Amino acid sequence: MHDEDFSMYHKCGHSFCHLCIESHLNVNEKCPLCRSYTGSPIRNRQLESLTMSYVASRNLSNAYYERMKFNQKKVLLQKRALALIYTGLKDKPGQSTELCNLVKNVDDEELKSEIRSQVRQQVGVGLEHVGDLENDTVTIRLKNSTR
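Note that the structure is a prediction, hence the values are computed from the model and not measured.

Participant: For this particular structure, what's the right way to read the packing of aromatic side chains?
Facilitator: Taken as a whole and judged by the stated rule, the model has one aromatic pair. When the centroid spacing of 5.6 Å and the interplanar angle of 80 degrees are considered together, the rings of Y64 and Y65 count as edge-to-face.

This is how it looks when you write it as structure tokens:
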């Protein structure tokens, strides 16, 4: 298994797949089930071992690994999109920028789409916006920036 292909649990005891909890933690730092603050998730090796035993016993290895490769790619895409968004805004403290300025130098259409998706998810969490979120001319800024 790769570093991105594992189960995670919080100190509260709830377990999630890595993709699901990474996506959730991008917009909320509380456990999605009990809403407690739990800090960073921890790798759940027991659930991982149980999952691998089940996959092996059902001859699901190929499908499982294909799904893991897809999930690994999705997590990486989310992280790249968030890095581009916050790096682009961090360079302009207190200023706004249009979404089109964040995606104009990105050649990868899948990454552009993920940037747009992450902007919609981050509004209210780490970003503020003016305008229609479905439009590339929407103006965004860091939530704590002065106007």
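Participant: Teacher, can you tell me more about the domain arrangement of the chain here?
Facilitator: Reports of interface size often rely on the accessible area that becomes lost once the parts have come together. Here the chain is described as being made up of domain 1 (1-58) and domain 2 (77-146). Placing the centre of domain 1 and that of domain 2 at their C-alpha centroids yields a distance of 27 Å. Tallying the contact residues gives six residues for domain 1 and seven residues for domain 2. In this structure, the connection of domain 1 to domain 2 is made through zero salt bridges. One can count one residue pair in polar contact (both at pLDDT 80 or more) joining domain 1 with domain 2.

Rules of the game
- Residues numbered from 1 in each chain as written.
- Predicted model: local features only at pLDDT ≥ 70, side-chain atom pairs only at ≥ 80, totals over all residues.
- Heavy atoms only, no water.
- Phe/Tyr/Trp six-rings, centres within 6.5 Å; stacked < 30°, edge-to-face > 60°.
- Domains from an automatic or database assignment.
- Contact = heavy atoms within 4.5 Å.
- Salt bridge = Lys/Arg side-chain N within 4 Å of Asp/Glu carboxyl O.
- Polar contact = N/O pair within 3.5 Å; in protein donor to acceptor, adjacent residues only side chain to side chain.

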